[in-house]
Amino acid sequence: MSDCLFCGIAAGDVPATLVLERPRTLAFRDLNPQAPTHVLVITRDHHADVGTLAHADPEVMAELMASAYDVAVQEGVVESGYRSVFNSGRDAHQSVQHVHLHVLGGRDMSWPPG
Ligand code: AMP
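Remember, predicted model here, so these are calculated numbers, not experimental data.

1. A closer look at the site of the ligand
Near the ligand there are 16 residues, and of these Asp30, Asn87, Ser95, His100 and His102 occur at the shortest range. At 2.8 Å from an oxygen atom of the ligand is found a side-chain nitrogen or oxygen belonging to Asn87. Here an oxygen atom of the ligand sits 2.9 Å away from a polar atom, N or O, in the main chain of His93. Listed by contribution, the elements that provide at least two residues to the shell around the ligand are helix 1 (5–11), strand 2 (25–29) and strand 5 (100–105). By residue number, the principal contributor to the shell around the ligand is helix 1, which donates 3 residues. Here the residues of the shell around the ligand are counted per class, giving 7 nonpolar, 7 polar and 2 charged.

Reading guide: rules and limits
All chains use their own residue numbering, which begins from 1 and follows the written sequence. The predicted nature of this model means local features are confined to residues of pLDDT at least 70 and side-chain atom pairs, given and counted, to a pLDDT of 80 or more, with totals for whole chains, interfaces and linings taken over all residues. Water and hydrogen atoms play no part in the side-chain values, which are based on all heavy atoms of the structure. Whether a residue is near a molecule or strand depends on its heavy atoms: if one lies within 4 Å, it is near. Within 3.5 Å is the distance limit for a polar contact, defined as a pair of N or O atoms, with the added protein rule that one can donate a hydrogen and the other accept it, and that residues adjacent in sequence qualify only through two side-chain atoms. The numbering of helices and of strands both runs from the N terminus, where a helix is a DSSP run of H or I of at least 4 residues and a strand a run of E of at least 2. The classification used treats Ala, Val, Leu, Ile, Met, Phe, Trp, Tyr, Cys and Pro as nonpolar, Asp, Glu, Lys and Arg as charged, and all other residues, Gly among them, as polar.

So this is what it looks like as structure tokens:
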């Protein structure tokens, strides 16, 4: 989608600090990190949210989840723990309408989330 920020990052047209590149997914550091590790994992193709991705392309969904785990390993947060979050829709404050999985770690995190 030409007006989608994360499509722009996937295409290399918008700068981002990449941490992982896979055939159909990629990961980059969040511009406004909420934890010492805060990485976003996205699909190269445009999907509006996790539900539409899961139904449209389960194979890419699986790659997205595996990439998130690989990011956690790379960031050294698997042993200490990390959180993987999809925000979907208004009440969850999804601000970018291109599916993205937040990988957060490196500090103690409260539950339930706000
Ligand atoms: P969400 O609120 O779940 O839609 O998350 C969107 C995330 O994208 C937020 O955590 C933003 O800080 C992050 N973000 C927005 N623009 C950029 C960008 N250009 N590069 C990296 N992260 C971004």
